[in-house]
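# Remarks on the overall topology
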Amino acid sequence: MSAEIIDGKQIATEIRSKLAEEIISLSSHGVPGLAVVLIGNNPASEVYVRMKKKACSDIGVNSYEYSFGEDYGEENLLKLIDELNNDSKINGILVQLPLPRGYDEKKVIEAISPLKDVDGFHPENLGRIVIGDRDCFQPCTPYGCQIMIKRTVKNLKGKHVVIVGRSNIVGKPLANMLVQKNDMANCIVTVCHSASEDISKFTLQADILVAAAGSPGLIKADMVKPGAVVIDVGTNRVDDPENPGKCKLVGDVDFEAVKEVAAAISPVPGGVGPMTITMLLENTVKAFRLHNDI
Ligand SMILES: NC(=O)c1ccc[n+]([C@@H]2O[C@H](COP(=O)([O-])OP(=O)(O)OC[C@H]3O[C@@H](n4cnc5c(N)ncnc54)[C@H](OP(=O)(O)O)[C@@H]3O)[C@@H](O)[C@H]2O)c1
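Presented here is a report on the structure given in the accompanying data block. Please read these numbers as outputs of a predicted model, since none were measured by experiment. (Residues numbered from 1 in each chain as written. Predicted model: local features only at pLDDT ≥ 70, side-chain atom pairs only at ≥ 80, totals over all residues. Heavy atoms only, no water.)

### Quick word on the pattern of salt bridges
For clarity, the threshold we go by: Here, a salt bridge means any side-chain nitrogen of Lys or Arg that lies within 4 Å of a carboxyl oxygen of Asp or Glu. Secondary structure counts use DSSP, requiring at least four H or I residues in a row for a helix and at least two E residues in a row for a strand, with both numbered from the N terminus. Between buried and exposed lies partly exposed: a residue is buried under 20% and exposed over 50% of the maximum accessible area for its type, with that area taken using a 1.4 Å probe on protein chains only.
Counted according to the given criterion, the structure contains twelve salt bridges. A salt bridge links Glu110 to Lys106, with the shortest nitrogen-to-oxygen separation between them at 3.6 Å. Taken as a pair, Glu110 and Lys106 lie in helix α4 (residues 105-111) at a separation of four residues, close to a single helical turn. With a relative accessible area of 38%, Glu110 lands in the partly exposed category. Judged by its relative accessible area of 58%, Lys106 falls in the exposed class. We note a salt bridge from Arg128 to Asp133, for which the minimum N-O separation is 2.9 Å. Here the salt bridges share partners, and the residues they tie into one network are Glu124, Arg128 and Asp133.

### Description of the packing of aromatic side chains
Any aromatic ring pair is given by two values, namely how distant the centres are and how the planes are angled relative to each other. To keep it simple, the criterion reads: The criterion for an aromatic pair is that two Phe, Tyr or Trp rings (for Trp, the six-membered ring) have centres within 6.5 Å, with stacked assigned to planes under 30 degrees apart, edge-to-face to planes over 60 apart and tilted to the rest. For a Lys NZ or an Arg CZ to count as sitting over a ring, it must be within 6 Å of the ring centre and within 35 degrees of the ring normal.
Counted by the stated rule, this structure contains one aromatic pair. An angle of 10 degrees between the planes, with centres 3.8 Å apart, marks the rings of Phe68 and Tyr72 as stacked. Take Phe68: its relative accessible area is 28%, and that puts it in the partly exposed class. Lying across the ring of Tyr64, Lys89 places its NZ or CZ 5.2 Å from the centre.

### Some words on helix α2 (residues 43-59)
Quick reminder of the rule: Multiplying 1.5 Å by the helix residue count minus one yields the expected span of that helix. The arc in question is traced by the directions running from the helix axis to the C-beta atoms. Note on contacts: a residue pair is in contact if any heavy atoms of the two residues lie within 4.5 Å.
End to end, α2 covers 25 Å across 17 residues, agreeing with the expected 24 Å (1.5 Å per residue, within 8%). Looking at α2, one finds that the buried residues are Ser45, Val49, Lys52, Ala55, Cys56 and Ile59. Taken end-on, α2 shows its buried residues confined to a sector of 125 degrees, consistent with a single buried face. Of the exposed residues in α2, those oriented more than 90 degrees away from the buried face are Pro43, Arg50, Lys54 and Ser57. In this structure, the buried side of α2 is in contact with α1 (8-25), β2 (33-39), β3 (62-68), β4 (92-95) and α10 (272-291). Immediately downstream of α2, the backbone of Gly60 shows phi near 95 degrees, a positive value.

### Notes on the site of the ligand
Rule in force here: The cutoff for a nearby residue is simple: one of its non-hydrogen atoms must lie within 4 Å of the molecule or strand. In the analysis that follows, any N or O atom pair within 3.5 Å is treated as a polar contact, provided that within protein one partner can donate a hydrogen and the other can accept it, and provided that, for residues neighboring in sequence, both atoms belong to side chains. Methods summary: accessible areas were calculated by the Shrake-Rupley approach with a probe of 1.4 Å, and residue burial reflects only the protein chains presented. Polarity classes work like this: nonpolar for Ala, Val, Leu, Ile, Met, Phe, Trp, Tyr, Cys and Pro, charged for Asp, Glu, Lys and Arg, and polar for all others, with Gly in that last group.
Around the ligand there are 21 residues in total, and Arg166, Ser167, Ser194, Thr235 and Thr276 lie nearest to it. Take Arg166: an N or O atom from its side chain is 2.7 Å from an oxygen atom of the ligand. For the ligand, the accessible surface in isolation is 920 Å², of which the surrounding protein chains cover 67%. The dominant element in the shell around the ligand, judged by the number of residues it contributes, is α10, at three residues. A per-class count over the shell around the ligand returns nine nonpolar, eleven polar and one charged.

### Considerations on the sheet that holds strand β5 (residues 160-164)
Hydrogen bonds between backbone groups are what pair the strands of a sheet, and the pairing can be parallel or antiparallel. Using the following cut-off: A pair of strands is considered paired only if DSSP assigns at least 2 bridges between the two. Lines fitted to C-alpha atoms define the axes, with helix axes restricted to the stretch in contact, and inter-axis angles between N-to-C directions lie between 0 and 180 degrees.
Across the sheet, six strands lie side by side as β1-β11-β8-β7-β5-β6; this open sheet has parallel pairing. On the outer flanks of this sheet lie β1 (4-5) and β6 (188-192), each paired with one strand and no other. Against the sheet, helix α7 (residues 171-178) engages β5, β6 and β7 (208-211), with an angle of about 170 degrees to β5.

### Focus: the side chain of Lys52
The cut-off we apply is this: Neither His nor the chain termini are counted; the positive set is Lys and Arg, and the negative set is Asp and Glu.
One can find Lys52 in helix α2. As a buried residue without a salt bridge, Lys52 has its nearest oppositely charged side chain in Asp119, at a separation of 5.2 Å. Other than its neighbours up to four places away in sequence, Lys52 contacts Leu94, Gln96, Ile277 and Leu280.

### Let's talk about the pairing of β5
Within β5, five of the five residues are buried, leaving the element largely enclosed by the surrounding structure. Where burial is concerned, the two faces of β5 agree: the one with His160, Val162 and Val164 and the one with Val161 and Ile163 are both buried. In terms of strand pairing, β5 meets β6 through five bridges, oriented parallel. Looking at β6, one finds that Val164 is bridged to Cys192. The pairing of β5 with β7 spans four bridges and is parallel. The residue bridging Val164 from the neighbouring strand is Ala211, located in β7.

### Things to note about the sheet that holds β4
The three strands are arranged β3-β2-β4 in an open sheet whose pairing can be described as parallel. Whereas interior strands pair on both sides, the edge strands pair on one side only; in this sheet they are β3 and β4. For this sheet, the mean angle separating the axes of adjacent strands, direction not counted, is 15 degrees. Strand direction decides the pairing type here: β2 and β4, joined by four bridges, are parallel. Bridge assignment links Ala35 to a residue of β4, and that residue is Ile93. Packed on one face of the sheet, α2 meets β2, β3 and β4 and runs near 170 degrees to β2.

Take a look at the structure:
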């Protein structure tokens, strides 16, 4: 039997419409504001910034774009972040990554106030994730994955989650979120990476398998336990054989084959992607509440 499709787009739409209502109900306090900073002209970053700005305007968040050429310089960027940290109309600050060569991403991320770090990349927010303090900004992609998982598997207690990928923005925070003792988690977590010789040894044990490696088609049907829940974070641009000269977006999972083995699976596109932007919006509204003591 073919797997249930975990429709990230649908879940995202539901959450966004609730956020839009929440923003209306808070309007006597003002409007949440998100600063989006883009340095350079990376085409993928430009697309992401456009999508984030549209998502903001759709639900009533004010977005403020700060776009500069590559030559803007780290010193100016740090000065801008300092101004945004002290600007009361700005509740969240997002610096679109990757930054061009010559910018120290670590320094830039750490310059953002942890109270405005709606991407959840600041070490203070990540440290809170590690100790299970949810009173922080959770990084958007793992937070979106966690919600998709919780909606699919009601009781997560004791479920074995295997995550393929250990990046600071996906694998590591997600592992830390799912191992906590709360009803959004309480899982047993295994993390695989490029030093894992035979990942199928681990993936075959997964009740919940999360692929976040950035390797198209890495997860094949014979690597998935029958009845598992599969979340595909991978976003890879590959040549589209049906449209010569064009590209298409695929995940890390061989979707067509794995959907015949898994109980539930998220597609690419239409899975984790829309959830990531939604959690950015949720974090921005959370920051607005925090800054206005609501
Ligand atoms: N949908 C979304 O909103 C969203 C958000 C973020 C990322 N993504 C996508 O998710 C994917 C991962 O992103 P990322 O930023 O986490 O990537 P990353 O920083 O490149 O990390 C990839 C991780 O996967 C591991 N890995 C790579 N190939 C592997 C293999 N064959 N076997 C086992 N482990 C392997 C790497 O191991 P090492 O640590 O040993 O190198 C690394 O830990 C990308 O396709 C990215 O575009 C999507």
